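Listed below, chain by chain, are the residues.
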Protein chains: 2
Amino acid sequence: MIKYPNGKSPVSKAPSTKRRLQNAANRGMGLEGDINLSNEYYKNTNRALITKRPTPVNVVKVDYQRGARITDAYFEKQSTTDYNGVYKGKYLDFEAKSTTSKTSFPLHNISAHQIEHLNRVLAQGGICFFIVEFSVLNRVYLIDAHVIIDFYNHETRKSIPLEIFETKGLALTLSFSPRINYLDAVDQFYHL
Amino acid sequence: MIKYPNGKSPVSKAPSTKRRLQNAANRGMGLEGDINLSNEYYKNTNRALITKRPTPVNVVKVDYQRGARITDAYFEKQSTTDYNGVYKGKYLDFEAKSTTSKTSFPLHNISAHQIEHLNRVLAQGGICFFIVEFSVLNRVYLIDAHVIIDFYNHETRKSIPLEIFETKGLALTLSFSPRINYLDAVDQFYHL
């Protein structure tokens, strides 16, 4: 087999692996897309109503001559989580993250604002969790926010080992519709 | 007294009236500001966690040479409501609207998407309402979403008379902190 100088091999990969690898390169846009599709499915089947908060944009300049066209603006960091909604009368709040690591989930993916937000939601009786994708391993887990918050607050290490997800989280599988049936895991974990 | 050709009088008005009149001109930005401040107060006093969804922006062009600066974009219409959150374990979802009318609330203020959204939230057991300001009258009401949805679906008229707000809604008062204590009205109306 020819060795290419850039390390790339011309051998075509199976679609699923290829897709996951692309996702990793896209910094988790694939996971987000799967969750958005799942939420659309849940909405259309009246199972739940979960929405993604739009990315906040700080608008600097607007051209009103062109019908309120924004000509200068920048993205702001979300100080909350990306998703929230209502399911069986309960308030759900969660964040979706993807990592290319094969061994652990780096905590720098989560901001102090998000931890504060989750603590406040928990204090109000909301249900909070993370959906974490290990994109290279092709594995996705749902894990209760308490586990992540505990690690964030008390552990000295800067990442959460995969083992924690395997023991304290629930593995999610990909399917056609919904793409990621995370509400089944919510039912199971929170006894809804 | 001199009559000015543009109809403006130089007599200074009391701050509250002046402010409300400005609000009207700003198409309800004053009401929104009051609600945002109230939500901040509720957050800081651990009473509830209600957040405003950012206005969705459709980004057309980004200049990555300038640190991901957005150079072309436009505002999208919110297909949900503006506010949602968690209070005493319940999911809350509401919309804030202001009208300059002294007699009724025009329904063109509400989109079909928002009505659909509210119906879905209600089906999941969420609590839905509107906070409506009659800015010229200097009155603000909390009214259950069912009342608005019923009018939207069944009535032939294109606005909801003030009388309906007086009989079926709860009048809210302005105070220093929180600016609009709408959660007291939520407690009262929904028996929380």
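See the structure printed just above.
It should be emphasised that the depicted structure is a prediction, and the values quoted were computed from it without experimental measurement. (Residues numbered from 1 in each chain as written. Chains lettered and ligands numbered in written order. Predicted model: local features only at pLDDT ≥ 70, side-chain atom pairs only at ≥ 80, totals over all residues. Heavy atoms only, no water.)

Visitor: With reference to specific residues and values, describe helix H3 (residues 112–123) of chain A.
Guide: Helix length check: H3 of chain A (twelve residues) gives 17 Å between terminal C-alpha atoms against 16 Å at 1.5 Å per residue, within 8%. Residue Gly-125 of chain A follows H3 of chain A closely and has a positive phi angle near 85°. (Helix = DSSP H or I, 4+ residues; strand = E, 2+ residues; numbered from the N terminus. Expected span 1.5 Å × (residues − 1).)

Visitor: Give a detailed account of the relation of the copies chain B and chain A, specifying residues and quantitative values.
Guide: Of the two same-sequence chains, chain B is brought onto chain A (RMSD 0.0 Å, axial shift 0.0 Å) by a rotation of 180°. Such values leave the two copies arranged in the relation of a two-fold axis. A high fraction, 100%, of the interface residues of chain B reappear at the interface in chain A, so the copies pair face to face through one surface. (Least-squares fit on C-alpha atoms with pLDDT ≥ 70 in both. Contact = heavy atoms within 4.5 Å.)

Visitor: Go over the interface of chain B and chain A with me, naming the residues and quoting the values.
Guide: How big an interface is tends to be reported as the loss of accessible area on association of its parts. Of the residues lining the interface, 38 residues belong to chain B; the matching set on chain A comes to 38 residues. Interface area, chain B with chain A, both sides summed: about 3,000 Å², of which 58% is carbon and sulfur. Per-residue buried area on chain B facing chain A is highest for Ile-70, Arg-120 and Gln-124 of chain B; these three make up 22% of the total on that side. Inspection of the region where chain B meets chain A yields two salt bridges. Across the pair Asp-72 of chain B and Arg-69 of chain A runs a salt bridge, and its minimum N-O distance is 2.8 Å. (Buried area = accessible area lost by both parts, 1.4 Å probe. Salt bridge = Lys/Arg side-chain N within 4 Å of Asp/Glu carboxyl O.)

Visitor: Go over the pairing of strand S7 (residues 127–134) of chain A, please, and point to the residues and values.
Guide: All names here are of chain A. Within S7, eight of the eight residues are buried, leaving the element largely enclosed by the surrounding structure. Every second residue of S7 is oriented toward a common face, with Ile-127, Phe-129, Ile-131 and Glu-133 on one face and Cys-128, Phe-130, Val-132 and Phe-134 on the other, all of them buried. Where strand S5 (residues 90–99) and S7 come together, eight bridges link them in parallel fashion. Residue pairing in the sheet places Glu-95 in a bridge with Phe-130 of S7. (Buried < 20%, exposed > 50% of the residue type's maximum accessible area, 1.4 Å probe, protein only. Pairing = 2+ DSSP bridges.)

Visitor: Give me the lowdown on the nonpolar core, citing residues and values where you can.
Guide: Core analysis: the largest hydrophobic core is formed by 50 residues, its most contacted members being Phe-165 of chain A together with Phe-165 of chain B. Setting aside residues no more than four positions away along its own chain, Phe-165 of chain A makes contact with Phe-105, Val-132, Phe-134, Tyr-141, Ile-143, Ile-148, Ile-160 and Leu-170 of chain A. (Core = buried A, V, L, I, M, F, W, Y, C linked by side-chain atoms within 4.5 Å.)

Visitor: Outline unusual backbone geometry, supporting the account with residue identities and numerical values.
Guide: Backbone phi values are negative for most residues with the exception of glycine, while trans is the configuration of most peptide bonds. Omega for the bond connecting Ser-177 of chain A with Pro-178 of chain A falls within 30 degrees of zero, at -5°, which places this linkage in the cis form. With respect to the element layout, Pro-178 of chain A can be found in the loop between strand S10 (170–172) and helix H6 (182–190). Notably, Asn-138 of chain B is not glycine yet its phi reads approximately 65°, a positive angle. Here Asn-138 of chain B is to be found in the loop between strand S7 (127–134) and strand S8 (139–144). The backbone phi angle of His-191 of chain B is positive, close to 55°, even though this residue is not glycine. By the secondary structure assignment, His-191 of chain B is in the segment after helix H6 (182–190). Note on His-191 of chain B: relative accessible area 71%, which makes it exposed.

Visitor: Please provide a residue-by-residue account of empty space enclosed by the protein, values included.
Guide: Taken as a whole and judged by the stated rule, the model has one cavity of 30 Å³ or more. Quantified by volume, the largest cavity comes out at close to 40 Å³. Arg-120, Ala-123 and Gln-124 of chain A together with Lys-43, Asn-46, Ala-48 and Leu-49 of chain B are the residues that line the largest cavity. (1 Å grid on protein atoms, 1.4 Å probe; cavity = no way out; pocket = protein on both sides within 12 Å on 5 of 7 lines; lining within 4 Å. Points joined across faces, edges and corners; volume = space filled by probe spheres on them.)

Visitor: Run through the packing of aromatic side chains, naming residues and quoting values.
Guide: Residues and elements named next belong to chain B. Counted under the stated rule, the structure contains 25 aromatic pairs over all chains. Taking 4.7 Å as the distance between ring centres and 10° as the angle between the ring planes, the aromatic pair formed by Phe-94 and Phe-129 counts as stacked. Separated by 35 residues along the polypeptide, Phe-94 in strand S5 (residues 90–99) and Phe-129 in strand S7 bring together distant segments of the chain. For the pair shown, Phe-94 and Phe-129 are each scored as buried. (Phe/Tyr/Trp six-rings, centres within 6.5 Å; stacked < 30°, edge-to-face > 60°.)

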